[in-house]
Every structure is written in structure tokens, then in C-alpha cells.
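Structure at a glance
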Amino acid sequence: MRFRSSLWRRVLVIGIAALILATFGTQITFAQDAEVAAPSAEDFLNLSIAIDTGWVMLTAFLVFFMQAGFAMLETGLVRQTSAVNALSVNFVDATITGFVFWLVGFGIAFGADNGSGLFGTSMFAVGIGEMGQAPFAFNIPILVFFVFQFAFAATAATITTGALAERTDFFGDQAKSVIIGALIYPVVVHWIWGGGWIAQRGFYDFAGSTVVHFVGGFAALIGAIIMGPRPGRVWGKPPRPHNLALATLGTMILWFGWYGFNPGSTLGVVGQHDLVGLVSLNTTLAACAGTFGTAIFVFLRTKKWDLAYSLNGSLAGLVGITAGCAFVGPVFAVVIGIAAGIIVVLAMDVIESLKIDDAVGAFAVHGVCGVFGTLAIGLFGAPELMGGNAGLFTGGGATVLVNQAIGVVGVALWVGVTSTLMFLGLKAVGRLRVNKKADEIGIDIYEHGTTVWPDILPVPGDEAPVPGTTAATAPAVGD
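Before going into details, it helps to say that this report is about the structure given with it. For clarity, every value in this text was computed on a predicted model and none was experimentally measured.

Criteria and thresholds
- Residues numbered from 1 in each chain as written.
- Predicted model: local features only at pLDDT ≥ 70, side-chain atom pairs only at ≥ 80, totals over all residues.
- Heavy atoms only, no water.
- Helix = DSSP H or I, 4+ residues; strand = E, 2+ residues; numbered from the N terminus.
- Buried < 20%, exposed > 50% of the residue type's maximum accessible area, 1.4 Å probe, protein only.
- Contact = heavy atoms within 4.5 Å.
- Areas by Shrake-Rupley, 256 points an atom, 1.4 Å probe, with all protein chains shown as cover.
- Polar contact = N/O pair within 3.5 Å; in protein donor to acceptor, adjacent residues only side chain to side chain.
- Salt bridge = Lys/Arg side-chain N within 4 Å of Asp/Glu carboxyl O.
- Patch = residues over 30% accessible without salt bridge, like charges linked within 9 Å, V, L, I, M, F, W, Y side chains within 5 Å.
- Axes fitted to C-alpha atoms, helices over the stretch in contact; angles between N-to-C directions.
- Parallel < 35°, antiparallel > 145°, perpendicular 65-115°, else oblique.
- Left-handed = near helix turned anticlockwise from the far one by under 90°.
- Nonpolar A, V, L, I, M, F, W, Y, C, P; charged D, E, K, R; others polar.
- Expected span 1.5 Å × (residues − 1).

Moving on: the overall build of the chain. Of regular secondary structure, the chain possesses 15 helices and 2 strands. The burial tally for the chain puts 49% of its 479 residues in the buried class. Sequence separation of at least 24 residues holds for 76% of the intrachain contacts in the chain that already meet a minimum separation of 6. Of the roughly 22200 Å² that the chain leaves accessible, carbon and sulfur atoms contribute 70%.

Structurally, Thr158 is set in helix H4 (residues 142-163). Residue Thr158 is classed as buried on the basis of its relative accessible area of 0%. Of the polar contacts made by the side chain of Thr158, one reaches the side chain of Gln67; its length is 2.8 Å. A distance of 2.8 Å separates the side chain of Thr158 from the backbone oxygen of Ala154, its partner in a polar contact. If near-sequence neighbours (up to four positions away) are discounted, Thr158 is found in contact with Gln67, Phe70, Glu74, Asn90 and Asp93.

With that settled, the discussion passes to the pattern of salt bridges. Under the counting rule described, the total for this entry stands at 10 salt bridges. Asp93 is paired through a salt bridge with Lys176; the nearest N and O atoms lie 3.7 Å apart. Placement of Asp93 in helix H3 (residues 83-110) and of Lys176 in helix H5 (residues 170-192) is noted, with a sequence separation of 83 residues between them. Lys176 shares its class with Asp93; the two are buried. Put simply, Asp357 and Arg230 hold a salt bridge, and the shortest N to O gap is 2.8 Å. Pair noted here: Asp357 is in the loop between helix H11 (330-353) and helix H12 (362-380) and Arg230 is in the loop between helix H7 (209-227) and helix H8 (244-261), with a separation of 127 residues, a long-range link. For Asp357, a relative accessible area of 1% puts it in the buried group.

Relative to the elements of secondary structure, Ile441 occurs in helix H14 (residues 436-441). Note on Ile441: relative accessible area 36%, which makes it partly exposed.

Here the focus is a nonpolar patch on the surface. Residues Phe44, Leu47, Ile51 and Val270 make up a contiguous nonpolar surface patch of about 370 Å² in total accessible area. Relative to the helices and strands, Val270 is located in the loop between H8 and helix H9 (273-302). On the basis of relative accessibility, which here comes to 40%, the residue Val270 falls in the partly exposed class.

Turning to the packing of H3 against H4, a few remarks are in order. The description of two helices packed together rests on the angle between their axes and the distance between the axes. As a packed pair, H3 and H4 sit with axes 8 Å apart at the nearest point and diverge in direction by 130°. Taken together, the axes of H3 and H4 are oblique relative to one another. As H3 runs across H4, the sense of the crossing is right-handed. Along the contact surface, H3 presents Val89, Asn90, Asp93, Ala94, Thr97, Gly98, Phe101, Trp102, Phe106 and Phe110, while H4 presents Ile142, Phe145, Phe146, Gln149, Phe150, Ala153, Ala154, Ala157, Thr158 and Thr161. Here the residues of the contact of H3 with H4 are counted per class, giving 13 nonpolar, 6 polar and 1 charged.

Attention shifts here to helix H13 (residues 399-428). When the terminal C-alpha atoms of H13 are compared, their 43 Å separation across 30 residues agrees well with the 44 Å that a helix rising 1.5 Å per residue should span. Backbone geometry just downstream of H13 places Gly430 in the positive-phi region, at approximately 75°.

Okay, H7 next. Counted at 1.5 Å a residue, the expected span for H7 with its 19 residues is 27 Å, and the 25 Å between its end C-alpha atoms agrees. Most of H7 sits inside the fold, with 18 of its 19 residues counted as buried.

In C-alpha cells:
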């Protein structure tokens with residue numbers, strides 16, 4: 001009976017399958033016989049928009065993932081008693097920046113200029129009242145463009161937290177992110193990427209060596225100067241990183257995210273595949289060259305292969321190539337990377353000699369190498385990539401180099417003045433530096449009531465027994 005039942009089920013299934021094939025086969029035949037309309041120009045336009053939109057969203061997500069890289073890097077480079085604070089401020093920085101950049105910053109950065117070349121005056125709180133009818137920027141919807149630019153803004157704000165680590169008031173750190181995300185950073189964006197006065201001079205910064213990295217790095221330097229050093233700081237002997245594994249993971253995440261940062265700045269791939277390839281190659285080569293430049297330079301000085309320096313060397317190469325990744329050839333990308341890898345070490349030496357406590361070397365990596373990468377376009381820029389303009393060593397004169405220098409000076413003046421006012425204001429109201437009690441018990445305990453390894457570094461009071469009970473001791477393995 002089981003055999004017959006199984007046989008009938010098989011016959012039934014085969015019959016149904018044959019009926020389905022016959023039905024759809026007939027429809028397919030009719031479809032093949034019918035005349036197929038050729039795709040219209042509108043179809044091709046919609047396809048190109050879809051492809052570019054997908055590309056920009058993908059790269060925006062990569063850039064935002066860099067927030068995890070910054071958090072891991074900074075947490076690994078600071079002392080154990082400050083790890084939770086480093087994680088907290090990095091996480092909340094991105095949150096605060098996202099809101100204020102949407103509300104105010106994006107409009108200042110990319111809104112319609114009022115004719116002054118200084119700031120935008122439209123697109124505040126972009127998306128409100130534009131549902132389904134939002135305008136386009138380049139070949140992508142404006143809301144997609146906002147998400148991409150938000151990730152950049154979050155990066156600029158986060159850079160400062162590393163330099164000021166282990167001693168910044170939590171509320172003051174968030175106030176700093178509000179001001180940078182809503183005003184300081186967006187004004188620079190408008191000047192350079194929004195058609196402002198620096199852009200009108202012919203300034204080149206493809207993905208943000210000046211716009212993002214120098215802004216964040218220079219603000220970090222000013223904050224470190226005004227705030228002062230960590231307690232017990234011994235000059236010439238910085239505190240050792242507490243977890244180089246986390247720092248290495250963070251650096252590799254940042255390198256990975258940089259493939260969104262630089263290639264994503266093409267804002268599309270349709271018709272730009274060659275440019276995307278060049279930018280990706282230059283980004284890779286500069287990161288590799290920066291690592292080797294730093295590692296070998298430090299080894300010649302100390303006879304040690306220093307991991308922490310090497311990590312910063314790779315970031316130095318990445319920062320250095322960010323401005324010129326679309327304007328120089330691969331050989332010069334290597335040159336820029338090696339030079340940045342050496343410059344970052346020398347810059348850290350100078351900062352240390354000036355007794356400025358930059359906890360993670362943020363100014364050396366982002367500030368100094370950001371300036372170098374911007375000026376490098378004026379030295380090595382290729383005429384075939386710059387519309388006929390060229391660098392000093394590639395057949396051009398000093399015009400591009402001078403314009404690059406003028407742009408950097410202009411940005412330095414703006415960031416210098418506004419950051420000084422910001423940090424002095426926070427200091428005046430007692431919200432720049434954490435309470436002195438935190439220097440005694442650790443900023444993690446004071447600000448957050450916990451530690452990153454509570455089983456190794458207990459929170460005061462956690463080890464105390466509950467009244468009326470006897471503390472139990474766990475047996476050793478093998479007991």
C-alpha cells in the first residue's frame with residue numbers, strides 16, 4: 001500500500017509540473033513573438049542614477065564604519081583607566097554630530113551661497129517638506145548625498161577626541177562636537193566643496209586632507225594646548241598603550257573604511273571606473289608606503305619594530321593621499337606615503353618637545369599630514385588629471401602650490417580662532433576638563449561608574465560583601 005501511495009503521488013506531481021511548464025512555455029513563446037521596445041534615454045538615466053546611488057550609499061556606510069575604527073584605535077592607545085570613556089565619547093560624538101549636521105551644518109556646507117563665498121543659506125534640516133520630491137546633488141538624491149557627507153562630518157568631530165583623551169569632561173566633549181558639526185567644519189566644507197572662496201581660487205582637495213583631517217587635527221591641537229597635560233605626564237616618555245590588539249584592529253578598520261572615504265568621493269561610478277581604480281590604487285599604495293616609512297625610520301632610531309608607530313604611519317599615509325588620490329600617479333602616491341610616514345614621527349617629536357599632551361598623536365597624523373597631503377598636489381599633481389594644471393615637479397609652475405597654501409592658511413585661521421573661542425568658553429564655564437577627583441580614581445570610574453575590565457580593574461565597592469553574608473571565594477581549577 002505504501003508503494004502504491006508513493007507511486008500515485010509521484011504521478012500527480014509529474015502531471016502538475018508538466019501542466020505548469022506547458023502554461024508558462026506558451027506564455028514565453030508569445031512573449032518572444034511580441035515586439036520588444038528598446039530602452040529609452042530615461043531608462044538609461046534611471047539606471048545610471050540607481051548605480052551611482054548604490055555606490056555612494058555603500059561607501060557612506062564604509063566611512064561611517066570608520067567610527068568603530070577610531071573607537072578601537074583610541075581605546076587601545078590610552079591607558080586602561082580611560083578605556084570606557086574613550087569608547088563612550090566616540091560613540092556619542094557620532095550621534096550628536098549626525099543630528100546637528102542635519103539640522104544646521106549640511107545647509108551651511110552645501111546650501112545656496114549668498115554671494116559672499118562664505119556659507120550656504122538653504123537646505124537646513126534637509127528632507128523636511130521634500131518627501132518624494134527631494135532634489136538631486138550630482139547624479140544622486142540629495143538625501144543620499146547627506147548621508148555620505150554626515151559620515152565625513154562625524155570623522156572630523158571624532159578626530160579631536162583622541163588628542164584630548166583621558167581628561168575631557170563628558171558634557172564638554174559633546175558640546176565640542178555640536179560646535180564642530182554645526183559650524184566650524186561646515187564653513188570649511190562650503191569654502192572648498194561648496195563653491196566658496198577657496199574653491200574659486202582653484203584649490204584641490206579630492207576627499208578631505210584639509211577639509212576633514214586638518215580641521216579635526218588642528219582643533220585637537222588647540223584643545224590639547226588649552227586643556228593641559230594629563231596628570232603625572234612625564235615628557236619624553238608618553239604612557240604606554242594599554243591594548244595594542246584593539247589599536248591594531250581599529251587601524252585596520254580605518255584602512256578598510258578609507259576605501260569608502262577616497263573612492264566614494266567620486267560620488268558615482270558610471271563613466272568613472274578608471275578614476276575609481278586610480279583612487280583605490282593610490283589609497284592602497286600610500287597606506288602601505290606610510291607603514292614602511294614609519295616602521296623603518298623608527299627602527300633606525302631605536303632598533304625596535306614599534307607597532308604603535310607603524311599603525312600611525314599607515315594612517316599618516318592615508319591622510320597624506322586623501323587630498324591628491326585623484327590628482328597624482330601611483331609612483332607619487334608611494335612618495336607621498338613614505339614622506340608622510342616619516343613626517344608623522346618628526347611631528348610627534350616636536351609636539352612632545354613643546355610639552356603638548358596629544359594622547360594618540362592626532363595632530364601629527366591628521367593635522368600635519370593633512371597639510372602635507374594638500375600641498376603635495378602642488379608638487380606632484382599630474383596635468384592629465386588636473387585639467388592641464390600641474391605640480392611644481394610635474395611640468396607646472398608654483399601656481400597650484402601657492403593656491404593650496406593660501407587655502408590651508410585660510411582654513412587654519414578659521415579653525416584656529418573658532419576652536420580657541422570654543423575651548424576657552426568651555427574652560428570658563430568649567431566644562432572643558434574633568435573634575436580633579438577623576439585624576440585620583442580614574443575617569444572611567446568618575447564619569448561612567450565602570451571599567452573596561454571589571455574583573456581585572458574592579459569598580460570600588462564591587463568587591464565588598466553584602467551585609468550579613470560572607471564573601472565566597474571561587475575554587476581554584478582542580479580543587
